[in-house]
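Next come the chains, spelled out residue by residue.
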Amino acid sequence: FEKGVNLIGLSQGGLIVRVLAQSCEIPIKSVISIGGPQMGLLNMPKCQTGYFCDIYQDAINMGIYEKVPQNHIGPPGYHKDPKLYEKYIEKSGFLSKYNNEKSLNKTLISNLLKIDKLVLVLFENDSVTDPKETQHFAYYANGSKSIILPYNKTNDYVNDLIGLKTLDLQHKLIRESIPSDHLQLTSKDLQAYIIPHLFS
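Rules and cut-offs
- Residues numbered from 1 in each chain as written.
- Predicted model: local features only at pLDDT ≥ 70, side-chain atom pairs only at ≥ 80, totals over all residues.
- Heavy atoms only, no water.
- Helix = DSSP H or I, 4+ residues; strand = E, 2+ residues; numbered from the N terminus.
- Rg over C-alpha atoms; globule rule 2.2 N^0.38 Å.
- Buried < 20%, exposed > 50% of the residue type's maximum accessible area, 1.4 Å probe, protein only.
- Contact = heavy atoms within 4.5 Å.
- Areas by Shrake-Rupley, 256 points an atom, 1.4 Å probe, with all protein chains shown as cover.
- Lys, Arg positive; Asp, Glu negative; His and termini not counted.
- Charge placed at Lys NZ, Arg CZ, Asp CG, Glu CD.
- Salt bridge = Lys/Arg side-chain N within 4 Å of Asp/Glu carboxyl O.
- Polar contact = N/O pair within 3.5 Å; in protein donor to acceptor, adjacent residues only side chain to side chain.
- Right-handed = clockwise from strand over helix to strand, strands pointing away.
- Patch = residues over 30% accessible without salt bridge, like charges linked within 9 Å, V, L, I, M, F, W, Y side chains within 5 Å.
- Expected span 1.5 Å × (residues − 1).

Enquirer: When you look at the overall build of the protein chain in this model, what are you seeing that I'm missing?
Expert: From N to C terminus, the protein chain includes nine helices and six strands. Against the 2.2 N^0.38 benchmark of 16 Å for 200 residues, the protein chain shows a C-alpha radius of gyration of 16 Å, consistent with a compact globule. With the C-alpha coordinates aligned to their principal axes, the bounding extent of the protein chain is approximately 45 × 40 × 30 Å. Evaluated residue by residue, the protein chain yields a buried proportion of 49% over its 200 residues. In the protein chain, once contacts between residues fewer than 6 apart in sequence are set aside, the share between residues at least 24 apart is 62%. For the protein chain, the exposed area adds up to about 9,900 Å²; of that, 54% sits on carbon and sulfur atoms. Charged side chains in the protein chain number 21 positive and 20 negative. The centres of these two groups are separated by 5 Å.

Now the structure itself:
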């Protein structure tokens, strides 16, 4: 790893690779998040049936901010209800920690600032993540489930809680958009939006 590695994550994995970059001491070149819920999720609209959806629904029924869902089920760890923001800050076991909303951990900032670039890929017609703009670090304004703040107007960006503003000013933050549904990548998309970031 001495020459550095590229990290690529799909959906939830897009959030995980960003957290790895914040947490690990290995040299990292590009972090590429493809459809990753960087600011969390309020809902998964198309999650109606199936094993994964059943687990998520069970977590909601159990109380998504309770200890068992937060500590043992993936999606509740990045569930963020803008109308229950204070509860989210208090109870969230994952996202609020790595977005530096709970308490400021300067190591999470300094590690992220060591990367060459952070590439965020958003699916413009995403029907799985609510809001889809979370893939670009935008999110609902606190107290609202309809007003979405642009990525550079959120508290996280303005106060540079994880170094996102600094990366942006250093031209290391790259936001790509693909006109398709969640994770509907074609080989043409890969050539246009992903591959170039691995070799530049």
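Enquirer: What am I meant to see in the pattern of salt bridges here?
Expert: Pairing is possible between side chains that carry opposite charge, provided their charged atoms lie close to one another. If you walk through the whole model with that rule in mind, you get four salt bridges. Here aspartate 81 ties to lysine 145 by a salt bridge, and the two come within 3.8 Å at their closest N and O atoms. You can see aspartate 81 sitting in the loop between helix H3 (67–72) and helix H4 (85–91) and its partner lysine 145 sitting in the loop between strand S4 (139–140) and strand S5 (148–149), a full 64 residues away along the chain. Among the residues examined, aspartate 81 registers a relative accessible area of 10% and is labelled buried. Taking the relative accessible area as the measure of exposure, lysine 145 reaches 42% and is therefore partly exposed.

Enquirer: Can you help me understand the environment of histidine 182 in this one?
Expert: With respect to the helices and strands, histidine 182 occurs in the loop between strand S6 (173–178) and helix H9 (187–194). Exposure remark for histidine 182: the relative accessible area of 9% places this residue in the buried category. With 86 residues separating them along the chain, histidine 182 and serine 96 place their C-alpha atoms 24 Å apart. Excluding its chain neighbours within four sequence positions, the residues that come into contact with histidine 182 are Ser11, Gly35, Phe123, Asp126, Val128, Thr129 and Gln135. Here the side chain of histidine 182 touches aspartate 126 through a polar contact of 2.6 Å, side chain to side chain.

Enquirer: Teacher, can you tell me more about the pairing of strand S1 (residues 5–10) here?
Expert: Taken residue by residue, a regular strand's side chains alternate between the two faces of the sheet. The alternating pattern of S1 places Val5, Leu7 and Gly9 on a buried face, while none of Asn6, Ile8 and Leu10, on the opposite face, is buried. Between the parallel pair S1 and strand S2 (residues 28–34), the chain is carried across by helix H1 (residues 12–23), and the sense of this crossover is right-handed.

Enquirer: Which parts of the structure should I look at to understand a nonpolar patch on the surface?
Expert: On the surface, Leu190, Ile195 and Phe199 cluster together into a nonpolar patch covering about 300 Å² of accessible area. Relative to the elements of secondary structure, phenylalanine 199 occurs in the segment after H9.

Enquirer: Looking at this model, I keep getting lost on H1. Mind explaining?
Expert: Residues three or four positions apart in an α-helix share a direction because the helix packs 3.6 residues into each turn. The end-to-end C-alpha distance of H1 is 17 Å, a good match for the 16 Å that 12 residues give at a rise of 1.5 Å each. Looking at H1, one finds that the buried residues are Gly14, Leu15, Val17, Arg18, Val19, Ala21 and Gln22. Buried positions along H1 lie against S1, S2, helix H5 (95–98) and helix H6 (106–112).

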